[in-house]
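Okay, here's what each chain looks like letter by letter:
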Amino acid sequence: MAAALRRHLTAKARAGIRVIPKDRPRESNPVAPALSESSLLITGDPAVYESKTLDELRAAIGDCRRCKLWSGRTHLVFGVGNPSARVMFVGEGPGRDEDLQGVPFVGRAGQLLTDIITKGMGLKREDVYIANVVKCRPPENRNPEPDEVESCEPFLKKQVDLVRPKIIVALGKFAVQCLLQSKQPITRLRGQWHEYQGIKLMPTFHPAYLLRNPGDKKLVWEDIKKVIEALKSA
Ligand code: SF4
């Protein structure tokens, strides 16, 4: 049955047809298996579902054109870091510098994130894993649209499944609301523990926001201290 389904989906994927179940569950705080059969349906590509390593996943994503963001990108920004990281940072999507370099969180906001990791947490950037909800830069850095998130989030879910971090730190309003399927403001969500795919998730402000609002760095430090404390017993 599963093999027949995969053959059917592969044929559709090769024909450029995306299959999206009408009743795809979108639960808040899902604690479901990392990439379910429904994610296979969304990507339409069994190679994504069956990837055993991050390299295999990146190869399966290939020169992705599953949503309209592909047309404006210089590089698809997959993710970087330790494939067995205990902490994973997730942002919204690549900005200009990230698009040009193909690496998440470079540029000024990226430097601030690096400072949080190195000076705040006492880790190296290579110790953690860093990725975004969408892998291609939205034009003019607008928020990703629902169909773009729908197309790309299965890749993030699979990354989380492969890395299996102890803690996810979600950066910024968009990533937080997207991962938690919540409309609540980040000011209410940050600083509290949540869950994504069965993994503890700490929402906090985006480094780019901190560049504009340096007075809120102390709030991020409060959130990061909770992460450091939780890692001791994780
Ligand atoms: S944003 Fe994601 S789904 Fe859209 S083209 Fe890029 S990799 Fe593919």
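Residues numbered from 1 in each chain as written. Predicted model: local features only at pLDDT ≥ 70, side-chain atom pairs only at ≥ 80, totals over all residues. Heavy atoms only, no water.

Draft legend 1. Geometry of the pattern of salt bridges. Under the definition given, this model contains 14 salt bridges. A salt bridge links R66 to D45, with the nearest nitrogen and oxygen atoms 3.1 Å apart. Of this pair, R66 sits in the loop between α4 (54–61) and β1 (80–81) while D45 sits in the loop between α2 (37–43) and α3 (46–50), placing them 21 residues apart in sequence. The exposure class of D45 is buried, given its relative accessible area of 16%. (Salt bridge = Lys/Arg side-chain N within 4 Å of Asp/Glu carboxyl O. Helix = DSSP H or I, 4+ residues; strand = E, 2+ residues; numbered from the N terminus. Buried < 20%, exposed > 50% of the residue type's maximum accessible area, 1.4 Å probe, protein only.)

Draft legend 2. Expanded view of the pairing of strand β4 (residues 167–171). Counting buried positions along β4 yields 5 of 5 residues, so the element is predominantly enclosed. Covered by surrounding structure in β4 are I167, V169 and L171 together with I168 and A170, the residues of both alternating faces. Pairing between strand β2 (residues 87–91) and β4: 4 bridges, direction parallel. Considered in β4, the bridge of M88 is made with I168. As defined by bridge partners, β4 adjoins strand β6 (residues 199–204) across 5 bridges and the pair is classed as parallel. Bridge pairing links I167 to K200 in β6. (Pairing = 2+ DSSP bridges.)

Draft legend 3. How the structure looks around the packing of helix α7 (residues 146–163) against helix α8 (residues 173–180). Across the interface, α7 lies against α8 with an axial gap of 12 Å and an inter-helix angle of 80°. It follows from the interaxial angle that α7 and α8 lie roughly perpendicular. For the pair α7 and α8, contact is made by V149, E153 and L156 and by F174, C178 and L179, respectively. Each residue belonging to the contact of α7 with α8 can be placed in one class, and the counts come to 5 nonpolar, no polar and 1 charged. (Axes fitted to C-alpha atoms, helices over the stretch in contact; angles between N-to-C directions. Parallel < 35°, antiparallel > 145°, perpendicular 65-115°, else oblique. Contact = heavy atoms within 4.5 Å. Nonpolar A, V, L, I, M, F, W, Y, C, P; charged D, E, K, R; others polar.)

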